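For reference, the chains in residue letters:
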Protein chains: 2
Amino acid sequence: MTKIPIPGQPVRGSRRGAPIMALFDLLGRHWAMGVLWTLSEIGPATFRTLQERCETISPGALNTRLKELQAAGFVHKVEGGYAATASGRRLYELLHPLGEFSKEWALHMNSNDNT
Amino acid sequence: MTKIPIPGQPVRGSRRGAPIMALFDLLGRHWAMGVLWTLSEIGPATFRTLQERCETISPGALNTRLKELQAAGFVHKVEGGYAATASGRRLYELLHPLGEFSKEWALHMNSNDNT
DNA sequence: CTAAACCGCTATAAATTTTGTAGCGATCCG
DNA sequence: CGGATCGCTACAAAATTTATAGCGGTTTAG
């Protein structure tokens, strides 16, 4: 079905499967970070809730991403739907600073200086 | 040509263009983070060098990504090719911890415990 | 000057991924 | 028994990505 990138095996960006490139291969798919982010912010959520929160994701895409994130160990099923695993929460925390960064970036984009 | 996500305008994950979702829309495209990462690690590089370092990227993809990253203000042209802007370096720094994380993750993936 | 060797990048077609929409089978009320 | 959810599958259309060839320009060597 979906092919999930495994560190140590050829991935996008590294024929030898450099971990960072394997991770980028996984996260660099449409919606991957958005799903993890949303799931982390709202806590355990059902498939449909997640779908609504992501506003425009299609069920097929959501399902594919969820499977990949589960295979990677960042998400798992719990009572009440899906939730981030410890590892997933850790990843979310590392991604978290991007929230602030993105706001500054938004300012740049809507004016046009260069810092 | 390529449509780059603008915060404040509909993007994947947010009809109202939440900055973080706009950023994810941009970075969540095949190769986007890999290119920024590679460029940041090797410093200013020519198109062809970048292409080699990315190992398996096609020139079309590289060119598209470079244009997007430039439009977003993360990359610009310099003597000697392309380089990360101040903003791009900042983003790279935020992404940097993922390097370590990915190594731990690689261990998880190749054994199978759960931390 | 000529030719080989790069360079940035475009062209194009095939392959893959993502979207959008419909809806099935299962549960859970009342 | 309806009616309202739910998780998720089906599937075709649209969009993105890949792979490969190669053009026109510049540099280097002879």
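Residues numbered from 1 in each chain as written. Chains lettered and ligands numbered in written order. Predicted model: local features only at pLDDT ≥ 70, side-chain atom pairs only at ≥ 80, totals over all residues. Heavy atoms only, no water.

Asks: Whenever I open this one, the pattern of salt bridges confuses me. Can you help?
Replies: Once the charged atoms of two side chains with opposite charge are near each other, the side chains can pair. Applying the stated criterion across every chain yields a total of 14 salt bridges over all chains. A:R65 serves as the salt-bridge partner of A:E68, at 2.7 Å between the closest nitrogen and oxygen. A residue pair is termed a helical-turn pair when its members lie 3 or 4 positions apart in one helix, as A:E68 and A:R65 do in helix 4 (residues 59–71) at 3 residues. You can call A:R65 buried: its relative accessible area is 13%. With its nearest N and O atoms 3.1 Å apart, the salt bridge here joins A:R90 to B:E104. (Salt bridge = Lys/Arg side-chain N within 4 Å of Asp/Glu carboxyl O. Helix = DSSP H or I, 4+ residues; strand = E, 2+ residues; numbered from the N terminus. Buried < 20%, exposed > 50% of the residue type's maximum accessible area, 1.4 Å probe, protein only.)

Asks: Looking at this model, I keep getting lost on the environment of B:A71. Mind explaining?
Replies: You can see B:A71 is positioned in helix 4 (residues 59–71). Looking at B:A71, the relative accessible area reads 43%, which means it is partly exposed. Aside from chain neighbours lying at most four places away, what touches B:A71 is A:M109 and B:I4. (Contact = heavy atoms within 4.5 Å.)

Asks: Explain the pairing of strand 2 (residues 81–84) of chain B to me, please; I cannot follow it from the model alone.
Replies: Put simply, side chains in a regular strand alternate between the two faces of the sheet. All names here are of chain B. The sheet contact formed by strand 1 (residues 75–78) and strand 2 spans 4 bridges and is antiparallel. Following the sheet pairing, V75 is matched in strand 2 by A84. Turn length for the strand 1-strand 2 hairpin, with the two strands adjacent in sequence and antiparallel, is 2 residues, and the turn residue G80 shows positive phi of about 95°. (Pairing = 2+ DSSP bridges.)

Asks: Looking at this structure, I do not really get helix 5 (residues 86–95) of chain A. What am I missing?
Replies: Residues lying three or four places apart along an α-helix face the same way, a consequence of the helix completing one turn every 3.6 residues. Those residues of helix 5 of chain A that fall on the buried side of the exposure criterion are A:S87, A:G88, A:L91, A:Y92, A:L94 and A:L95. Along the axis of helix 5 of chain A, the buried positions cluster into a sector of 160°, meaning they face one direction only. In this structure, the buried residues of helix 5 of chain A make contact with helix 1 (19–27), helix 2 (32–42), strand 2 (81–84) and helix 6 (97–110) of chain A together with helix 5 (86–95) and helix 6 (97–110) of chain B. (Arc of directions from axis to C-beta.)

Asks: Explanation requested: the packing of aromatic side chains in the structure shown.
Replies: Here a ring pair, both rings aromatic, is described through the centre-centre distance and the interplanar angle of the planes. Here the structure, examined in full by the defined rule, presents 8 aromatic pairs over all chains. Plain terms: the ring middles of A:W37 and A:Y92 are 5.2 Å apart, the flat faces sit at 70° to each other, and that makes the pair edge-to-face. A residue pair is termed long-range when its members are at least 10 positions apart, and A:W37 in helix 2 and A:Y92 in helix 5 qualify at 55 residues. As far as burial versus exposure is concerned, A:W37 and A:Y92 are alike and both buried. Every member of this aromatic cluster is reached through a ring pair, and the members are A:F24, B:W37 and B:Y92. (Phe/Tyr/Trp six-rings, centres within 6.5 Å; stacked < 30°, edge-to-face > 60°.)

Asks: Looking at this structure, how should I read the interface of chain A and chain B?
Replies: The accessible area lost on association of the parts is a frequent measure of interface size. Counting from both sides, the interface comprises 49 residues of chain A and, opposite them, 49 residues of chain B. Here chain A and chain B share 4 salt bridges between them. At the junction of chain A and chain B, the tally comes to 12 residue pairs in polar contact (both at pLDDT 80 or more). Elements supplying a minimum of two residues to the side of chain A that touches chain B: helix 1, helix 2, helix 5 and helix 6 of chain A. No other element matches helix 6 of chain A, which puts 11 residues into the side of chain A that touches chain B. Of the residues contributing to the side of chain A that touches chain B, the split by class is 29 nonpolar, 12 polar and 8 charged. (Polar contact = N/O pair within 3.5 Å; in protein donor to acceptor, adjacent residues only side chain to side chain. Nonpolar A, V, L, I, M, F, W, Y, C, P; charged D, E, K, R; others polar.)

Asks: Would you explain helix 1 (residues 19–27) of chain B in this entry?
Replies: With 8 of its 9 residues buried, helix 1 of chain B lies for the most part within the structure. Among all positions in helix 1 of chain B, only B:I20, B:M21, B:A22, B:L23, B:F24, B:D25, B:L26 and B:L27 are buried. The inward-facing, buried residues of helix 1 of chain B abut helix 2 and helix 6 of chain A together with helix 2 (32–42), helix 4 and helix 5 of chain B.

Asks: Is there a simple way to think about the nonpolar core in this case?
Replies: The nonpolar side chains of a soluble globular protein tend to be buried with one another. In this structure, A:F74, A:L98, A:W105, B:F74, B:L98 and B:W105 are the most contacted members of the largest nonpolar core, which totals 69 residues. When near neighbours in sequence (up to four residues on either side) are disregarded, B:F74 contacts A:F101, A:W105, B:L23, B:L26, B:L36, B:L69, B:A83, B:A84, B:T85, B:S87, B:G88 and B:L91. (Core = buried A, V, L, I, M, F, W, Y, C linked by side-chain atoms within 4.5 Å.)

Asks: How do you make sense of the protein's contact with DNA strand C when you look at a structure like this?
Replies: For DNA strand C, the set of nearby residues contains 18 residues, the closest of which are A:R65, B:T46, B:R48, B:N63 and B:Y82. A distance of 2.7 Å separates a base oxygen of DNA strand C from a polar side-chain atom of B:R48. Interatomic distance of 2.3 Å between a side-chain N/O atom of B:Y82 and a phosphate oxygen of DNA strand C. Going through the elements one at a time, helix 4 of chain A together with helix 3 (47–53) and helix 4 of chain B are the ones with two or more residues in the surface near DNA strand C. Here the residues of the surface near DNA strand C sort into 6 nonpolar, 5 polar and 7 charged. (Near = heavy atom within 4 Å.)

Asks: Before we go on, may I ask you to explain the protein's contact with DNA strand D in this structure?
Replies: Close to DNA strand D lie 18 residues, the nearest being A:T46, A:R48, A:N63, A:Y82 and B:R65. Put simply, 53% of the atoms of DNA strand D that lie within 4 Å of the protein are in sugar or phosphate. With respect to DNA strand D, the side chain of A:T46 contributes an N or O atom lying 3.5 Å from a phosphate oxygen. Between DNA strand D and B:H30, the relevant distance is 3.4 Å, taken from a phosphate oxygen to a main-chain nitrogen or oxygen of the residue. Of all elements in the fold, only helix 3 (47–53) and helix 4 of chain A together with helix 4 of chain B reach the threshold of two or more residues within the surface near DNA strand D. Residue composition of the surface near DNA strand D, by class: 6 nonpolar, 5 polar and 7 charged.

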